[in-house]
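So you can see what is in the structure, the chains are spelled out below.
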Amino acid sequence: MQAASVPARAEVVVARAPGAAGEAGVVQVTLRHTGRLNAMSRAMWQQLRAVFKDIQRSHDARCVLIEGDGTAFCAGGDISEYPAFRFDAAALREFHEGDVWGGLSAMLDCDVPIVAHIAGACMGAGVEIASCCDVRVAHAGARFGAPIARLGFPMAPREAQLVAGAVGEVTARQMLLEAATFSADEMFTRGFLSRVVAGSAEEARAEALARACRIAALAPGAARLNKQTLRALKSVLPAENAPDPYAYADSAEHREGITAFLQKRPPAF
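The residue numbers shown here count from 1 along each chain, following its written sequence. Note on the predicted model: pLDDT of at least 70 is required for a residue's local features to be given, and 80 or more for side-chain atom pairs to be given and counted; whole-chain, interface and lining totals, by contrast, use all residues. Hydrogens and water molecules were not included; the side-chain quantities draw on all heavy atoms of the structure.

Quick word on the nonpolar core
For soluble globular proteins, the rule of thumb is that nonpolar side chains tend to be buried together. Stated formally: For this analysis, a nonpolar core means a set of buried residues of the types Ala, Val, Leu, Ile, Met, Phe, Trp, Tyr and Cys, connected via side-chain atoms within 4.5 Å. Relative accessibility under 20% of the residue-type maximum defines a buried residue, over 50% an exposed one, and the middle range a partly exposed one, all with a 1.4 Å probe and only protein chains included. Residue contacts are defined here by distance: any two heavy atoms, one from each residue, within 4.5 Å place the two residues in contact.
Ranked by internal contacts, the top residues of the largest apolar core, which has 56 residues, are F52, I66 and F144. Those residues in contact with I66 that lie beyond four places of it in its chain are V29, L31, L48, F52, F73, M107, I114, V115, A116, H117, I129 and C133. V26, L65, V135 and C213 belong to the second-largest nonpolar core, a separate cluster that totals 13 residues.

Right, dumping it as structure tokens:
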């Protein structure tokens, strides 16, 4: 987590893939906070929510690639904003339950697969955002943690539950109680990362983009249904409230997938 004295530009930027072969359907989301290692401001949390609500409603989005601008993924929250609200219980609740959870829950509720490209600092809010992703690819130089114990406050309950579910309870306890930080290799060993790329930062991004493109080339409806099923498996709702897992039986893409396999040709989804 880092503050800076230079003017900071804070935003969540959305762009469609530039049209290169194989990138159709990939939506690129960039966390950008100039001079502050992409630390999340309140406005950025609100933008994150709006961005993923829009992606959820999109009919042509097939995969999301989320990353930080420059050399960091996200170094945490924008601490320069904290004095304005952290010391009032009602305002603090509104920040965590409204702004922060609004952004994270929009990611969790998004049925479009999300690939994270993680470089540099991935701390606090960065770990929370990464925990909402389906596939996490990191550069070998990335660092992970949630050292907010050094700032004198705990992680909000729903955020802690999210992180513990993604990184594992042992790692979460170390992050929160010891203010421990971990390398990419350690987080891979602990099951948080899908891949660690030891080459250049450009190679790590290329690997993340390649995975996003691979997902985007597959059946989009099946991907959304898989995410709904995985979400339902974690839900405390009774089983009868889960979506029908076999409702896709007569879908066009289901038929096309099976037919193409039998005809030994690539499917046209």
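Some details on the packing of aromatic side chains
Heads up, the rule is: Ring pairs shown here join Phe, Tyr and Trp side chains whose ring centres sit within 6.5 Å, with only the six-membered ring taken for Trp; geometry is labelled stacked below 30 degrees between planes, edge-to-face above 60, and tilted in between. Only DSSP runs of H or I covering at least 4 residues are called helices, and only runs of E covering at least 2 are called strands; the numbering of each starts at the N terminus. Here, a charge over a ring is recorded when the distance from Lys NZ or Arg CZ to the ring centre is within 6 Å and its angle to the ring normal is within 35 degrees.
The final tally for this structure, using the stated rule, is 5 aromatic pairs. Look at Y82 and F95: their rings are 6.2 Å apart centre to centre, the planes differ by 65 degrees, and that puts the pair in the edge-to-face class. Of this pair, Y82 sits in the loop between β3 (63-68) and α2 (89-108) while F95 sits in helix α2, and the two are 13 residues apart along the sequence. Taken individually, Y82 and F95 each receive the classification buried, so the pair is uniform in this respect. A centroid spacing of 6.0 Å and a plane angle of 75 degrees characterise the contact between Y82 and F153, whose relative ring orientation is edge-to-face. Of this pair, Y82 sits in the loop between β3 and α2 while F153 sits in the loop between β7 (143-145) and α4 (157-167), and the two are 71 residues apart along the sequence. With respect to burial, Y82 and F153 carry one shared label: buried. An aromatic cluster is defined as three or more aromatic residues linked by ring pairs; in this entry it consists of Y82, F85, F95 and F153. A cation over an aromatic ring shows up here: R42 above the ring of F85, its NZ or CZ 4.5 Å from the ring centre. The ring of Y82 is capped by R86, whose NZ or CZ atom sits 4.9 Å from the centre of that ring.

Regarding the sheet that holds strand β2 (residues 26-33)
Formally: Strands qualify as paired when DSSP identifies two bridges or more between them. Note on geometry: axes are lines fitted to C-alpha atoms, helical ones only across the stretch in contact, with angles between N-to-C directions running from 0 to 180 degrees.
Spatially, the 6 strands line up as an open sheet ordered β1-β2-β3-β4-β6-β9, and their pairing is mixed. At either end of the open sheet lies a strand with only one pairing partner, and these are β1 (10-16) and β9 (195-197). Averaged over neighbouring strand pairs, the angle between their axes works out to 20 degrees when direction is ignored. The pairing of strand β4 (residues 114-118) with strand β6 (residues 135-139) spans 4 bridges and is classified as parallel. Along β6, the bridge assignment pairs I118 with A138.

Description of the packing of α2 against α4
Each packed pair of helices is defined by two parameters, the angle between the axes and the distance between the axes. Just so we agree on the cut-off: Oblique is the label for every angle not falling under 35 degrees (roughly parallel), over 145 degrees (roughly antiparallel), or within 65 to 115 degrees (roughly perpendicular). In this scheme the crossing of two helices becomes right-handed for a clockwise turn of the near helix relative to the far one and left-handed for an anticlockwise turn of less than a right angle. Following the grouping adopted for this structure description, the nonpolar residues are Ala, Val, Leu, Ile, Met, Phe, Trp, Tyr, Cys and Pro, the charged ones are Asp, Glu, Lys and Arg, and the polar ones are all others, Gly among them.
As a packed pair, α2 and α4 sit with axes 10 Å apart at the nearest point and diverge in direction by 30 degrees. Taken together, the axis directions place α2 and α4 in an arrangement best described as roughly parallel. For the crossing formed where α2 meets α4, the hand is left-handed. Facing H96, E97, V100, W101, L104 and L108 of α2, the residues of α4 in contact are R158, E159 and L162. Of the residues in the contact of α2 with α4, the class split is 5 nonpolar, 1 polar and 3 charged.

A few points about the sheet that holds strand β8 (residues 181-183)
With mixed pairing, 3 strands are arranged side by side in an open sheet as β5-β7-β8. Across the chains shown, the open sheet's two edge strands, defined by having one partner strand only, are β5 (121-123) and β8. On average, adjacent strands in this sheet sit at an angle of 20 degrees to one another, irrespective of strand direction. Note that β7 and β8 share 3 bridges and pair antiparallel. For R143, the partnering residue across the bridge sits in β8 and is S183.

Side note on the state of the cysteines
Here, disulfide denotes a covalent bond that connects the sulfur atoms of two cysteines. Here is the rule: To count as a disulfide, a pair of cysteine sulfur atoms needs to be within 2.5 Å.
Summed over all chains, the structure comprises 0 disulfides. The thiol sulfur of C63 is not disulfide-bonded, and the nearest other cysteine sulfur, from C213, lies at 8.2 Å. Its relative accessible area of 0% is what places C63 among the buried residues. Take C110: it sits in no disulfide, and the sulfur closest to it among the cysteines is that of C63, at 9.6 Å.

Focus: the pattern of salt bridges
Operational definition: Should a side-chain nitrogen of Lys or Arg be within 4 Å of a carboxyl oxygen of Asp or Glu, the pair is scored as a salt bridge.
This model, assessed by the stated rule, comprises 14 salt bridges. With a shortest N-O distance of 3.6 Å, D69 and R32 are connected by a salt bridge. Note that D69 is positioned in the loop between β3 and α2 and R32 in strand β2, a separation of 37 residues in sequence. With a shortest N-O distance of 2.7 Å, D111 and R231 are connected by a salt bridge. Residue D111 is located in the loop between α2 and β4, and its partner R231 is located in helix α8 (residues 220-234); the two are separated by 120 residues in the primary sequence.

The analysis is restricted to geometry; functional conclusions fall outside its scope.
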